[in-house]
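# A look at the structure
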Amino acid sequence: MNTGFGCELLGNFDMPSLFKEGEIMIGGIFPVFNKDVSNIATFDGEPPPPVMCALFDLRAFRWAQMMIFAIEEINTDPALLPNISLGYRILNSCSSPTNTLRAALTLASSQNEKETASGCSPAVSAVIAEAGSSQSLAVAGIIGPFQVPVVSYFSTCACLSNRAKYPTFFRTIPSDYFQAKALAALVKHFGWEWIGAIQSDNDYGRNGVLAFKEEVKKFGICIAFVGTVLRTYPQEKILKVVEMVKQSTVKVILAFTPEGDFSPLMREIVKHNITGIQWLASEAWITAPQPSTPEMYRAFGGALGFVVQKMSIPNLYPFLMNINPYRDPSEPFVKEFWETMVGCKPSLNVSDTGAAKICTGNETLMDHTQDMFFNVSQLRVTYNVYKAVYAIAHALHQLVFCRPAGEKNVKPCLNASEIHPKEVTHHLQRVNFRNQFGDDVFFDQNGNPPASYDVINWQLRNGQVEHVTLGHFTSTKNGEYRLSIEEDKIVWRAGQMVPTSVCSNACPAGTRKAQIKGQPVCCFDCIPCAEGSIANSTGATECTTCPQEYWSNERKDGCIPKTVEFLAYHEPMGVALTVVALLGASLSLLTMIVFIHYRETPVIKASNSELSFFLLLSLFLCFLCPLTFIGRPTVWTCMLRHTAFGVTFALCISCILGKTIVVVTAFKATHPSNKVAVKFGPTQQRIIVCSCTLIQVAICILWLKLNPPLPDRVFKYSNKKIVLECNTGSEVAFYVVLGYIGFLAVVCLVLAFLARKLPDNFNEAKFITFSMLIFCAVWITFIPAYVSSPGKFTVAVEIFAILSSAFGLLISIFAPKCYIILIKPEKNTRKHVMGKR
């Protein structure tokens, strides 16, 4: 209640404290006991009884002693706050946010029952608190409105960097934001992709694991499970986490908890003999002495974690050795320290009879110098307390003397009694000095120190667990981070090899990852790459499509050139077609020889020997034409094969057309009044043959000029083959050539059909009709077969059509004549040829 210009204290908490009067007071809150065993207050009657705490913590007691040591060291330093004495008031938090809140309110209140100074000013200028992040949140939240600076030595929650909520909070230990990056870098370094996490059910654990999950997510690392523990949890909750660990397939687990919250789970892990797990530790328990025992090493040996840098402060040793409960029997916490360290309860008065063993008074600490409590060569959190005290002292010096510490014969520019915590906060933000150990002490805009960690490995040496430093993690000026580890010196839980922890083994070459529905990205199936795609490395997420000219091999781990396919001379089909083509050409040539030899005979004369020779020549060329279709296509062969085919067959059908017209006109000539035969002599026959052929030649020239055929690689027929074929260039020109040949054939067929019943015994019109029927049938069936045949079979179909039609013409027209000439020479007479049946 505010009474005028004073501030009346309405009540207080009965909290024991380490106290020393000074011109400027600094408060301290430490978890000297780490468990609150008080009854829950109901707030419906008398004030609650004093807080009851259990489990004395030697480590936290040393932190409190370090604060006292640093303040006394500063009080004797002539260069730092000269002629000004620092005092302290140190309270116990019991590792409880509730009790921490009581301690914070106690420090924020005046020390006397009534303070007559103007306004309601806090009793301390700064507070050093607390170890747990949840406790520090309580302190910063309750003292913040008073603008009292709070400097933590062990609270790492990244949430405390929020300057909007906690503008007066500072710390000498890096934020979990940096520790999460360090742990994520460690996990990535060893290739662990499937890990578990244990968090304490408080701000430290929840925020730490959350920050860690966000960091490892960037590297594609999955969290299999998150177990939650707390020192006050019942046994069944702890056993649930144990069962979670046993059933999981992970081989690496991160424990982001304080040692007090993790201890119940550690005991159960050892009890259930769960070994083979590689544990990763947060800085809260990796160097804690309580769990660092050979018994715990059976399950947690080889644990890796990060801690702040260590420092040796030799002068602290005699100070700690000077602790004695008999010097000041009323000093709190010392009696419990003595009982824990020496093993007996100091007998300070006659009423002390409840202990199992009463001290004789002759006990000293000299018999216990090997205890970790007195090891001042590897101070980490204790060193943070030391830096926190000196940071506050330097801020106070700058405030009181208006200049940095270090200068001699300085005069104050402000009375110590006029110090306001807001000004201390302002100067604390600007602190930047190098201490006697060579470390630079300063805070960034969020109140955090520079990030620097040592990599710690649990190793068993001479029967004792040692925390061996094997690497470093540091932040650089440009915001990047560097991790260095001596891997060959690491002791692993599972043996000498780096343990592996994956949900699914890396997919071998030739396969790709396929996400399993409902599972994290680290759990996947391996699916073979599709035809034409490859994965030439392990763990591929996608298969790479081979270039168009290549195809995947059987293992799908490499691209091989596709097979080049074309109708070659050396393959069976090419050999057969070549033999048939040469056979047809030979038969044409032999027939021509026979006709030349027997050219004066009636059969030859009756069949128009000149046109017969032209026809045999064109058939000879038709049989040779398929040879241009066989072999690797080139520019010249592509242009030659289609044009040669078109021109030779146009010549062939033109000759047949001439012969047909001759037969028809010869019949008409039997009537004396008909002059057609006279007009259609050899000259007219040549004109018919040449003109019909020249039209096809003109079409082919236009084709070659405008859009000629050219060699082409076709990929559509087969994924594994490249078909080399001749692209017609112009489909229209190709079908015009075919259409013109078809037109000539149809005209021949019609004329020959009309003359098939002429009275001659040797009527050539019958044979022409039959040959034209064969020719038209072949080429009508050719078109659908040509369109539907793939690859080199297209060429084979075209060759087959050429050879079939050529053989049809050769056999139908010339075989009967050769039969008479060679087999039945007696019929080779004019009478027989002109006779009637």
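It should be noted that the structure appears before, not after, this text.
Scope of this entry: the structure provided in the associated data block. Per chain, residues are indexed from 1 in the order of the written sequence. For this predicted model, a pLDDT threshold of at least 70 governs which residues receive local features, and a threshold of 80 or more governs which side-chain atom pairs are given and counted, while totals over whole chains, interfaces and linings are taken from all residues. Note that the side-chain values use all heavy atoms of the structure and ignore hydrogens as well as water.

### What about the overall build of the protein chain?
Formally: In DSSP terms, a helix is any run of H or I states spanning at least four residues, a strand is any run of E spanning at least two, and both are numbered starting from the N terminus. Any two residues whose heavy atoms approach within 4.5 Å are treated as being in contact. Only the protein chains shown count as cover for residues, and the accessible areas themselves come from Shrake-Rupley with a 1.4 Å probe.
Helix and strand counts for the protein chain stand at 22 helices and 30 strands. Sequence-distant contacts, at least 24 apart, represent 70% of the contacts inside the protein chain between residues at least 6 apart. Looking at the protein chain as shown, the accessible area adds up to about 39200 Å², and 57% of this sits on carbon and sulfur atoms.

### A few points about the packing of helix α6 (residues 235-247) against helix α7 (residues 259-271)
Selection criterion: Axes, fitted as lines to C-alpha atoms, cover a helix only where it is in contact. Angles between the N-to-C directions of the axes lie from 0 to 180 degrees. Each angle gets one of four labels, with under 35 degrees taken as roughly parallel, over 145 as roughly antiparallel, 65 to 115 as roughly perpendicular, and the rest as oblique. A crossing counts as left-handed when the near helix is turned anticlockwise from the far one by less than a right angle, and as right-handed when that turn is clockwise.
Across the interface, α6 lies against α7 with an axial gap of 10 Å and an inter-helix angle of 55°. When the interaxial angle is binned, α6 and α7 end up oblique. Crossing of α6 against α7: the hand is right-handed. The residues of α7 that touch α6, namely those facing Q235, I238, L239, V241, V242 and V245, are P264, L265, E268 and I269.

### Quick look at the packing of helix α2 (residues 97-108) against helix α3 (residues 133-143)
Any two packed helices are characterised by how steeply their axes cross, that is the angle between the axes, and by the distance between the axes. Keep this limit in mind: Throughout, the ten residues Ala, Val, Leu, Ile, Met, Phe, Trp, Tyr, Cys and Pro are labelled nonpolar, Asp, Glu, Lys and Arg are labelled charged, and all others, Gly among them, are labelled polar.
Between α2 and α3, the shortest axis-to-axis distance is 9 Å and the interhelical angle comes to 35°. Considering the relative orientation of α2 and α3, their crossing is right-handed. The segment α2 lies against α3, with P97, T100, L101, A104 and L105 engaging S134, Q135, A138, V139, I142 and I143. In terms of residue class, the contact of α2 with α3 is made up of eight nonpolar, three polar and no charged.

### Some details on the sheet that holds strand β16 (residues 304-308)
For clarity, the cut-off: Pairing between two strands requires that DSSP report at least two bridges joining them.
With mixed pairing, eight strands are arranged side by side in an open sheet as β13-β12-β14-β15-β16-β19-β20-β21. Edge positions in the sheet fall to β13 (222-229) and β21 (481-485), since each of these pairs with one other strand and no more. For this sheet the average axis-to-axis angle between neighbouring strands, irrespective of direction, equals 25°. Pairing analysis gives two bridges linking strand β15 (residues 278-281) to β16, with the strands arranged parallel. Bridge assignment links L280 to a residue of β16, and that residue is L304. Sitting on the sheet, helix α4 (residues 176-189) touches β12 (194-200), β14 (252-256), β15, β16, β19 (452-461), β20 (464-475) and β21, and the angle it makes with β21 is about 50°.

### Overview of the sheet that holds strand β29 (residues 710-714)
The strand order β28-β30-β29 describes an open sheet built from three strands, whose pairing is mixed. Since the sheet does not close on itself, it has two edges, and those belong to β28 (563-565) and β29, each with one partner. When the angles between neighbouring strand axes are averaged without regard to direction, this sheet yields 25°.

### Some points on the pattern of salt bridges
Condition: Whenever a carboxyl oxygen of Asp or Glu lies within 4 Å of a side-chain nitrogen of Lys or Arg, that contact is scored as a salt bridge.
Applying the stated criterion across every chain, the model contains 14 salt bridges. Two residues, E549 and R713, come together in a salt bridge whose shortest N-O distance is 3.6 Å. One end of the pair, E549, is in the loop between β25 (544-545) and β26 (550-552); the other, R713, is in strand β29, with 164 residues separating them in the sequence. The salt bridge involving R686 is made with E610; its shortest N-O contact spans 2.5 Å. With R686 in helix α18 (residues 682-706) and E610 in helix α15 (residues 609-624), this pair connects stretches of sequence that are 76 residues apart. Sharing partners across several salt bridges, the network here consists of K181, E215 and K218.

### As for the packing of aromatic side chains
Ring pairs (aromatic) are described by centroid distance and by the angle formed between their planes. To keep it simple, the criterion reads: Working definition: a ring pair exists when centres of Phe, Tyr or Trp rings (six-membered ring for Trp) sit within 6.5 Å. Plane angles under 30 degrees give stacked, over 60 give edge-to-face, the rest tilted. Residue exposure (1.4 Å probe, protein chains only): buried if accessible area is under 20% of the type maximum, exposed if over 50%, otherwise partly exposed. The criterion is that NZ of a Lys, or CZ of an Arg, lies within 6 Å of the ring centre and within 35 degrees of the ring normal, and then a charge sits over that ring.
Taken as a whole and assessed by the stated rule, the structure comprises 40 aromatic pairs. Plain terms: the ring middles of F30 and Y153 are 5.0 Å apart, the flat faces sit at 25° to each other, and that makes the pair stacked. Placement of the pair is F30 in strand β4 (residues 24-30) and Y153 in the loop between β10 (150-152) and β11 (169-171), with a sequence separation of 123 residues. The residues F30 and Y153 share a single accessibility class, namely buried. Ring plane angle 40° and centroid distance 4.8 Å describe the contact between W279 and F300, whose orientation is recorded as tilted. Linking W279 in strand β15 with F300 in helix α8 (residues 294-300), this pair joins segments that are 21 residues apart in sequence. One aromatic cluster is present, formed by F33, F56, F61, Y317, F333, F337, F373 and F374 through successive ring pairs. Sitting over the face of the ring of F170, R163 holds its NZ or CZ atom 4.8 Å from the ring centroid. When the ring centre of Y297 is taken as reference, the NZ or CZ atom of R493 above it lies at 5.9 Å.

### Points about the environment of L137
Tracing the chain through its elements places L137 in helix α3. Given a relative accessible area of 14%, L137 falls into the buried group. Each C-alpha atom, one on L137 and one on F169, is 9.2 Å from the other, the two residues being 32 residues apart in sequence. Residues contacting L137, with those up to four places away along its chain left out, are C159, L160, Y166 and D203.

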